[in-house]
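Results of the structural survey
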Amino acid sequence: QVQLVESGGGLVQPGGSLRLSCAASGSIFSINAMGWYRQAPGKQRELVAVMTSGGSTNYADSVKGRFTISRDNAKNTVYLQMNSLEPGDTAVYYCNVDLKLSATSSLRRYWGQGAQVTVSS
């Protein structure tokens, strides 16, 4: 079994910062990409940022220059540093991890439980 545990959400004023963490645990053979999505009320889930195992990153245009994704491979953990937060960033943030359970298994995507981020004065 694989579990993804998120932490770090909360309420912050506009212009503030938050850091999300997502730790993967269980019978993991290898991890490929790790990323973050978000879903605001009444909207579809959208990609926020993703980082490959090689360190390449991709960001949504709306967060470029404000958010930074990073990962600690030794801890199977991905982070999302969010600066200059805006009310439009309010959403539930989900981490996801593409991983293999064994050398011969295919890649599977796992999701975290979600962390609420609310940006409001």
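Everything quoted here is computed from the prediction, not taken from an experiment. (Residues numbered from 1 in each chain as written. Predicted model: local features only at pLDDT ≥ 70, side-chain atom pairs only at ≥ 80, totals over all residues. Heavy atoms only, no water.)

1. A few points about the overall build of the chain
Within the chain, the regular secondary structure consists of zero helices and eleven strands. Seen through its C-alpha atoms, the chain measures out along the principal axes to roughly 50 × 25 × 25 Å. When burial is assessed residue by residue, the chain has 41% of its 121 residues classed as buried. Roughly 6300 Å² of accessible area belongs to the chain as shown, and the carbon and sulfur atoms make up 46% of that amount. Computed over 11 positive and 7 negative side-chain charges, the inter-centroid distance for the chain is 6 Å. (Helix = DSSP H or I, 4+ residues; strand = E, 2+ residues; numbered from the N terminus. Buried < 20%, exposed > 50% of the residue type's maximum accessible area, 1.4 Å probe, protein only. Areas by Shrake-Rupley, 256 points an atom, 1.4 Å probe, with all protein chains shown as cover. Lys, Arg positive; Asp, Glu negative; His and termini not counted. Charge placed at Lys NZ, Arg CZ, Asp CG, Glu CD.)

2. A few points about the state of the cysteines
For the structure shown, the criterion picks out one disulfide. In this model, Cys22 is linked to Cys95 through a disulfide, with the two sulfur atoms separated by 2.0 Å. Residues Cys22 and Cys95 share a disulfide whose torsion about the S-S bond is about 50 degrees; that sign makes it right-handed. Of this pair, Cys22 sits in strand S3 (residues 18-26) while Cys95 sits in strand S9 (residues 91-100); the two residues are 73 residues apart in sequence, bridging distant segments of the chain. When its relative accessible area of 0% is taken as the criterion, Cys22 is described as buried. (Disulfide = S-S within 2.5 Å.)

3. So, the pattern of salt bridges
For the structure on display, the rule yields six salt bridges. A salt bridge links Asp89 to Arg38, with the shortest nitrogen-to-oxygen separation between them at 3.0 Å. Taken as a pair, Asp89 in the loop between strand S8 (77-82) and S9 and Arg38 in strand S4 (residues 30-39) lie far apart in primary sequence, 51 residues in all. Each of the two residues, Asp89 as well as Arg38, counts as buried. For Asp98, the salt bridge is made with Arg109, and the minimal N-O distance between the two is 2.8 Å. Of the two residues, Asp98 is situated in strand S9 and Arg109 in strand S10 (residues 108-111); the sequence distance between them amounts to eleven residues. When salt bridges with common partners are traced through the structure, they connect Arg38, Glu46, Arg66, Glu86 and Asp89 into a single cluster. (Salt bridge = Lys/Arg side-chain N within 4 Å of Asp/Glu carboxyl O.)

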